[in-house]
Amino acid sequence: MMTRLGHSWLQRVLPAIALAGLGGACGGDDLLLPNEGQPATVAAVRGDRQNGTAGEPVSEMLVVEVKDRFGNPVGQIEVSWQAEGGGSADPSSSVTGVDGRAATSRILGPQPGTYTTVATVAALPGTSVIFTATAVAAQIAFTTQPAFSATSGIPLDRQPVLQLQDTDGAPIARSNVAVTAQIASGGGTLGGVTTAVSNAEGVIAFTDLAIRGSPGTRTLIFAADGFASAVSGPIGVGVGGAASIELAAGDQQTATVGSAVPIAPAVLVRDATGNPVQGVPIQFTVASGGGSVSGAAALTGADGQAVVGQWVLGEAAGANTLRASVTGAELTGSPVTFTATGQPGPVSGERSQVSAAPTSIAASTGSSTITVTALDAFGNALPGLPAVLSATGEGNQLTQPDAPTGSSGEAAGRFSASGLGSHVVSATIGGTLVTQTATVTITAGAPSAAASSATVPDGTAGSPTSIDIQLRDATGNLVSGQAGAIVVRVSGANSSNGLPVADRGGGNYRAAYTPIAAGTDRIEVRVDGTPVSGSPFASDVAPGPASPAHSDAVVTRTGGVFSTIEVVVTARDAQGNPVGRGGEQVRVQVNNGAVLDLNDNGDGTYSGAIFAFGFQFSVDITMNGAPIRGSPYQV
């Protein structure tokens, strides 16, 4: 609910003030768009739903605003005001100013109740704005006027006391009616507790109201819902001591880190009326960002201003703050905070950085991210600078950064190479060579079955067979340390699901097994699950040397006392394989008789027949001087 004025002085003054305030300046040009400048809407601005004393004007003017269809205010439009229910509108018609606004004062009828005022514009038929106001039969009246003089910001020496009354001036005993005090004229602000409630007798007492503002005259208005307002007599406000401090110059500047801002920060000290105050001590202190000040202790001059000698920003880019406060006093606005932004300096080759991740990659298939960080001499990141990479070594592939350095000063490219060994990556940033470099070690790439090879010899039963493997990457580089990538299996005469693989260094590996059975083995060599070229390999396993202990014979006897003993010896190796070849010395002796050589059949068998006399025969057989298995045979 709006506050209400019930005094004749306010009834005369407020309409004049409100009408004067409607004539603000408005800019524009001479070009009129279609319908521009023609009334399109009319709307209430203020003055609706007020309370006032019956038969008196309401405290606030009724104001409407006329605009065209583009939302621009339209001046020189007549607005008609129709008072309904009693009373009158003064004036009954008014013309909009350049701000599109027109106003009138509503005088209420003689009886309590609701009164209506209708505003219409002839150019907008069928459109109207309706205001309502309530006439009440009660008011607020002073029993004690506030002091007639005051010092800005200091509580009034005499605080106002008011009484709830009817229209005849008789007291109304009603508690808990909230009365709010405001400045009615003269501007400024009203401090203290501005709302007080009535006691059981309807008395309202304020205790600490204080006016703040420039020297001059003020009036106060006191209002409550359902009661006509009361306006104080004039209060003269004079100059006080230092009351506030504010920023005068030097805020929101930008300078290179480690250097002084171009405008020295300054503050302005005023009294409660807004007048400059001379001779106030000011202390300037760096609050954040580092840096320093000279002339930190200063006094305000005749203009109320104090200026710091010099403010040098800190070394870190970003926000810096400086505070100014009054020594030994707390003023409104204290401390005053100045802000400045430190910008990075030029790129520093010594502080800027180059790094690689990872620092070791596989030839051709791997890549390393090269990160360049642009920094100034204080280590601040520098965005927006181009970076160019270069590298030593053979087979290099460099992808340059696709954008300038970002907000963190970083730009990234990529590096790969086919040549093994250490490659040194350098960078220039904005044409400045970075002292730091990054080293990337190129190792062999992933093993490639297609580029790898294996050598599989024929074997000999009982002797180890070595399978030599050379492991290479896709570009032919020998790959070390990848024994786990190799799988060797044997099938055929001697089967094995997997042979251990030894790393012999330099990309050379070996798997070995000892075949037992003579025949053909098939050796499968795979690298990361893929067969190497030529796999599976055939390995023909030959029998080993003849072994008397594993060779055997078939001894048969025919006849009686005069018998023929036939002997057939099969030469075998230590694994029991028939050697299948001749060349061994095989001898036979019957009953310790003469030693005879058996015939060498050239296929690993030896045979012969011996004529003997007797009933029982012991046949000794030797091979290369050693008895064969089962010797002596009894026949």
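Everything numeric here is computed off the predicted structure, so don't read it as measured data. (Residues numbered from 1 in each chain as written. Predicted model: local features only at pLDDT ≥ 70, side-chain atom pairs only at ≥ 80, totals over all residues. Heavy atoms only, no water.)

Colleague: Quick rundown of the overall build of the protein? Include the residues and the values.
Modeller: Scanning the protein for helices and strands turns up 1 helix and 58 strands. Scaling as 2.2 N^0.38, a compact globule of 635 residues should have a C-alpha radius of gyration of about 26 Å, whereas the protein reaches 57 Å, well beyond that. On the principal axes, the C-alpha backbone points of the protein span a range of 175 × 60 × 60 Å. Counting the 635 residues in the protein, one finds 41% classified as buried. If you take every contact in the protein between residues at least 6 apart in sequence, the share linking residues at least 24 apart comes to 61%. Within the structure as shown, the protein displays about 29100 Å² of accessible surface, and the carbon and sulfur contribution to it stands at 51%. With 27 positive and 45 negative side-chain charges, the protein shows a separation of 4 Å between the mean positions of the two kinds. (Helix = DSSP H or I, 4+ residues; strand = E, 2+ residues; numbered from the N terminus. Rg over C-alpha atoms; globule rule 2.2 N^0.38 Å. Buried < 20%, exposed > 50% of the residue type's maximum accessible area, 1.4 Å probe, protein only. Contact = heavy atoms within 4.5 Å. Areas by Shrake-Rupley, 256 points an atom, 1.4 Å probe, with all protein chains shown as cover. Lys, Arg positive; Asp, Glu negative; His and termini not counted. Charge placed at Lys NZ, Arg CZ, Asp CG, Glu CD.)

Colleague: Any chance you could break down the nonpolar core for me, citing the residues and the numbers?
Modeller: In terms of nonpolar packing, the biggest core is built from 25 residues, with Ile 140, Leu 162, Phe 206, Leu 220, Phe 222 and Phe 227 touching the most fellow members. Those elements giving two or more residues to this core turn out to be β10 (138-144), β12 (161-166), β13 (178-185), β18 (216-224), β19 (227-231) and β20 (235-238). Among the nonpolar cores identified, the runner-up in size contains 23 residues, and Ala 444, Ile 469, Ile 486 and Ile 523 belong to it. (Core = buried A, V, L, I, M, F, W, Y, C linked by side-chain atoms within 4.5 Å.)

Colleague: I'd like a rundown of the pairing of strand β24 (residues 281-288), residues and numbers included.
Modeller: Alignment of β24 against strand β26 (residues 297-299), held across 3 bridges, turns out to be antiparallel. Paired with Ile 282 across the bridge in β26 is Ala 298. As defined by bridge partners, β24 adjoins strand β29 (residues 318-326) across 6 bridges and the pair is classed as antiparallel. Each bridged residue has a counterpart across the sheet, and for Phe 284 the counterpart in β29 is Ala 324. (Pairing = 2+ DSSP bridges.)

Colleague: Run through the side chain of Asp 68, naming residues and quoting values.
Modeller: Along the chain, Asp 68 turns up in the loop between β3 (62-67) and β4 (78-84). For Asp 68, which is buried and forms no salt bridge, the nearest opposite charge comes from Arg 69, at a distance of 7.6 Å. Each residue touching Asp 68, except ones within four places of it in the same chain, is listed here: Asn 35, Glu 36, Gly 37, Gln 38, Ala 40 and Val 74. (Salt bridge = Lys/Arg side-chain N within 4 Å of Asp/Glu carboxyl O.)

Colleague: Which residues make up the sheet that holds strand β55 (residues 605-613), and what are the values?
Modeller: The sheet built from 4 strands is open, its strands ordered β50-β51-β55-β54 with antiparallel pairing. Here the strands that pair on one side only, and so sit at the sheet edges, are β50 (552-559) and β54 (599-600). Across 8 bridges, the pairing between β50 and strand β51 (residues 562-570) is antiparallel. Its bridge partner being in β51, Asp 552 is matched across the sheet by Thr 570.

Colleague: Break down the pattern of salt bridges for me, citing the residues and quoting the values.
Modeller: Under the definition given, this model contains 9 salt bridges. A salt bridge links Arg 270 to Glu 246; the shortest N-O distance between them is 3.1 Å. With Arg 270 in strand β23 (residues 266-271) and Glu 246 in strand β21 (residues 242-249), this residue pair connects regions lying 24 residues apart in the sequence. Its salt-bridge partner being Arg 572, residue Asp 552 comes within 3.3 Å of it at the nearest N-O pair. Here the residue Asp 552 occupies a position in strand β50, and Arg 572 occupies one in the loop between β51 and β52 (586-590), the gap between them amounting to 20 residues. A residue is classified by how much of its surface remains accessible, and Asp 552, at 18% relative accessible area, is buried. Within the structure, one salt-bridge network assembled from shared partners comprises Glu 65, Lys 67 and Arg 101.

Colleague: Can you explain the packing of aromatic side chains? Please cite residues and give values.
Modeller: Enumeration over the complete set of coordinates arrives at 5 aromatic pairs. Between Trp 81 and Phe 131, the aromatic rings sit 6.1 Å apart at their centres with planes inclined by 45°, giving tilted as the arrangement. Of the two residues, Trp 81 is situated in strand β4 and Phe 131 in strand β9 (residues 128-136); the sequence distance between them amounts to 50 residues. The two residues Trp 81 and Phe 131 agree in class, both being buried. An aromatic cluster of at least three residues, connected via ring pairs, comprises Phe 142, Phe 206 and Phe 222. (Phe/Tyr/Trp six-rings, centres within 6.5 Å; stacked < 30°, edge-to-face > 60°.)

Colleague: Can you explain the environment of Leu 382? Please cite residues and give values.
Modeller: By the element assignment, Leu 382 lies in the loop between β33 (368-373) and β34 (387-391). According to the relative accessible area criterion, Leu 382 is buried, its value standing at 8%. C-alpha of Leu 382 to C-alpha of Ala 317: the two residues are 65 residues apart in sequence and 9.6 Å apart in space. With residues near it in sequence (within four places) discarded, Leu 382 still touches Pro 344, Gly 345, Pro 346, Val 347, Ala 374, Leu 375, Asp 376, Thr 405, Gly 406 and Gly 409.

Colleague: With reference to specific residues and values, describe the sheet that holds strand β5 (residues 88-90).
Modeller: The strand order β1-β3-β7-β5 describes an open sheet built from 4 strands, whose pairing is antiparallel. The strands lining the two open edges of the sheet, one partner per strand, are β1 (41-46) and β5. Averaged over all neighbouring strand pairs, the angle between strand axes comes to 35°, with direction disregarded. With 4 bridges connecting them, β3 and strand β7 (residues 101-107) associate as antiparallel partners. Across the sheet, Val 63 pairs through a bridge with Ala 103, a residue of β7. (Axes fitted to C-alpha atoms, helices over the stretch in contact; angles between N-to-C directions.)

Colleague: Go over the side chain of Ser 607, please, and point to the residues and values.
Modeller: Mapped onto the elements of the fold, Ser 607 is located in strand β55. Side chain to side chain, Ser 607 and Asn 601 meet in a polar contact 3.4 Å long. Beyond its immediate stretch of four places on either side in the chain, Ser 607 contacts Val 567, Val 568, Leu 598, Asn 599 and Asn 601. (Polar contact = N/O pair within 3.5 Å; in protein donor to acceptor, adjacent residues only side chain to side chain.)

Colleague: Explain unusual backbone geometry to me, using residue names and the numbers behind them.
Modeller: Here the residue pair Ala 357 and Pro 358 is connected by a cis peptide bond, since its omega of 0° sits within 30 degrees of zero. Its identity is not glycine, yet Asp 528 carries a phi of approximately 50°, on the positive side. Assignment of secondary structure puts Asp 528 in the loop between β47 (519-527) and β48 (530-531).

Colleague: So what's going on with the environment of Phe 148? Residues and values would help.
Modeller: Position of Phe 148 relative to the elements: it lies in the loop between β10 and β11 (149-151). Along the chain, Phe 148 and Leu 389 lie 241 residues apart, while their C-alpha atoms are 81 Å from each other. With residues near it in sequence (within four places) discarded, Phe 148 still touches Arg 158, Pro 234, Ile 235 and Gly 236.

Colleague: With reference to specific residues and values, describe the environment of Gly 301.
Modeller: Turning to its location among the elements, Gly 301 is positioned in the loop between β26 and β27 (305-307). Ignoring any residue separated from it by four or fewer positions in sequence, one finds Gly 301 in contact with Val 277 and Gln 278.

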